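Architecture and fold: a report
As a plain string of letters, each chain reads:
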Amino acid sequence: MLSYKGEVPIVGLPGCVMYAKRTVFDLVLCRLLAKDVVTYEELCDLGEGGLCLGCDICTYPNCGFGK
């Protein structure tokens, strides 16, 4: 969940974020810290791609995660 109160982002995360190595939060957090506004449409686009497979050698961003 992501919302804004003025320019301040408010983020709500499910408990599974604590156990998965990589989640969509990893893709969004750096933008939030840079004060870059993340839109609804951009979050929807992140749903097209796939989940991190936890490969032994990470090739991100050259993989389906966060496509």
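Everything below is about the structure shown above.
Residues numbered from 1 in each chain as written. Predicted model: local features only at pLDDT ≥ 70, side-chain atom pairs only at ≥ 80, totals over all residues. Heavy atoms only, no water.

**Focus on the overall build of the chain**
Per the secondary structure count, the chain includes two helices and two strands. Along the chain, helices and strands appear, N-terminal first, in the series β-β-α-α. Dimensions of the chain along its principal axes, counting C-alpha atoms only, are 40 × 25 × 20 Å. Relative to its 67 residues, the chain shows a buried fraction of 10%. Contacts in the chain between residues far apart in sequence, at least 24 positions, make up 33% of those at least 6 positions apart. Split by element, the accessible area of the chain, about 5,600 Å² in all, is 61% carbon and sulfur. Where the 6 positive side-chain charges of the chain centre and where its 8 negative ones centre are 6 Å apart. (Helix = DSSP H or I, 4+ residues; strand = E, 2+ residues; numbered from the N terminus. Buried < 20%, exposed > 50% of the residue type's maximum accessible area, 1.4 Å probe, protein only. Contact = heavy atoms within 4.5 Å. Areas by Shrake-Rupley, 256 points an atom, 1.4 Å probe, with all protein chains shown as cover. Lys, Arg positive; Asp, Glu negative; His and termini not counted. Charge placed at Lys NZ, Arg CZ, Asp CG, Glu CD.)

**Observations concerning the environment of C52**
Along the chain, C52 turns up in the segment after α2 (40-46). Overall, C52 belongs to the partly exposed group, its relative accessible area being 26%. Residues C52 and A20, 32 residues apart in the sequence, show an inter-C-alpha distance of 9.1 Å. If sequence neighbours within four positions are ignored, C52 has contacts with R22 and F65.

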